[in-house]
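# Descriptive analysis of the structure
Residues per chain are reported as follows:
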Amino acid sequence: NAQKGAVEGAATGAMAGAVGGMFTAWVFGGDVARAGARGAAYGGSSGAVVGAMAGGRVDDAQAAQKQARQDAEIRKFREEIGTDAFNGLVALGECKHEIALANAREAARSGKKDFVMAGVWVEVLTEADRNCTEAASALYPRLLAVDRDVKTEADAQAQTAELLRQLREIRVEYGLPAVCSA
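Read on for an overview of the structure. (Residues numbered from 1 in each chain as written. Predicted model: local features only at pLDDT ≥ 70, side-chain atom pairs only at ≥ 80, totals over all residues. Heavy atoms only, no water.)

### Some words on the state of the cysteines
For the structure shown, the criterion picks out one disulfide. The residue that forms a disulfide with Cys95 is Cys180, at a sulfur-sulfur distance of 2.0 Å. In this structure, the disulfide formed by Cys95 and Cys180 twists by about -75° around the S-S bond and is classed as left-handed. Within this pair, whereas Cys95 is found in the loop between helix H4 (83-93) and helix H5 (97-108), its partner Cys180 is found in the segment after helix H8 (153-173), the two being separated by 85 residues in sequence. (Disulfide = S-S within 2.5 Å. Helix = DSSP H or I, 4+ residues; strand = E, 2+ residues; numbered from the N terminus.)

Below, the structure written as structure tokens:
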């Protein structure tokens, strides 16, 4: 049914937009709260349109126009961090750690500086979210090498903790558990 598809699509799109906005603002600079809220608004609207289209008939012209306008913001996040890192963030938001790690590692091998940095960050966050603190800590030297705003391993640990806190808040806002089950 269109309404159910719209609701589910909106929740997934909004969460993905919020995570993407929060992450890109944190890693690449900007207002984290504003970017996360903006991403959630665009992602939620886009997800609702996609969900409604999948679940039933909607006005195609109106849906296409709305989706194109709102997908532009999500596309911007993807362009900044690369598709692999973006998909990794979405998977991380949904507690799909193995998928997040696979995407993060692919992004980190991309050769494009911003994509590499985003990939390493997604890998660090995923390991931290899985409560694999040793694995996350082992990645801090790589993070220091690719992100000039991270000055020390203690700084990497503090930033990781803050990003993880924000990620978990976003999950709760969208009806997901803050901490993923094992």
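### Concerning H8
Compared with the 30 Å implied by 1.5 Å per residue over 21 residues, the 30 Å span of H8 between its first and last C-alpha is a close match. Buried within H8 are the following residues: Ala156, Gln159, Thr160, Leu163, Leu164, Gln166, Leu167, Ile170 and Arg171. Take H8 and look down its axis: the buried residues cluster within an arc of 165°, on one side only. Across H8 from its buried face, at more than 90 degrees, point the exposed residues Ala154, Gln157 and Glu173. (Expected span 1.5 Å × (residues − 1). Buried < 20%, exposed > 50% of the residue type's maximum accessible area, 1.4 Å probe, protein only. Arc of directions from axis to C-beta.)

### Overview of the nonpolar core
Counting residues in hydrophobic clusters, the biggest one holds 39 residues, and the most contacted among them are Phe23, Ile81, Trp121 and Leu143. Elements that contribute at least two residues to this core include exactly helix H1 (2-28), helix H3 (60-81), H4, H5, helix H6 (113-129), helix H7 (133-146) and H8. With nine residues, H6 is the largest single contributor of residues to this core. Other than its neighbours up to four places away in sequence, Ile81 contacts Phe23, Thr24, Phe28, Phe86, Leu89, Phe115 and Ala118. (Core = buried A, V, L, I, M, F, W, Y, C linked by side-chain atoms within 4.5 Å. Contact = heavy atoms within 4.5 Å.)

### Remarks on the packing of H6 against H7
In contact at an axis separation of 9 Å, H6 and H7 are set at 160° when each is read in the N-to-C sense. If you check the angle between H6 and H7, you find them roughly antiparallel. Of the two elements, H6 crosses H7, and the hand of that crossing is left-handed. The segment H6 lies against H7, with Val116, Met117, Val120, Trp121, Glu123, Val124, Glu127 and Ala128 engaging Ala135, Ala136, Leu139, Tyr140, Arg142, Leu143 and Val146. (Axes fitted to C-alpha atoms, helices over the stretch in contact; angles between N-to-C directions. Parallel < 35°, antiparallel > 145°, perpendicular 65-115°, else oblique. Left-handed = near helix turned anticlockwise from the far one by under 90°.)

### Looking at H5
Here H5 spans 16 Å end to end across 12 residues, near enough to the 16 Å set by a 1.5 Å rise per residue. Among the residues of H5, those classed as buried are His97, Ala100, Leu101, Asn103, Ala104, Ala107 and Ala108.

### Digging into the side chain of Glu127
Among the structural elements, Glu127 can be located in helix H6. Here Arg130 takes part through its side chain, which lies 2.8 Å from a polar atom of the side chain of Glu127. The contacts of Glu127, once residues within four sequence positions are left out, are Leu101, Arg105, Cys132, Ala135, Ala136 and Leu139. (Polar contact = N/O pair within 3.5 Å; in protein donor to acceptor, adjacent residues only side chain to side chain.)

### A few points about the environment of Ile170
With respect to the element layout, Ile170 can be found in helix H8. Note: C-alpha distance between Ile170 and Gly93 (77 residues apart in sequence) is 8.2 Å. The residues touching Ile170, leaving out its near neighbours within four places in the chain, are Met15, Ala18, Val19 and Met22.

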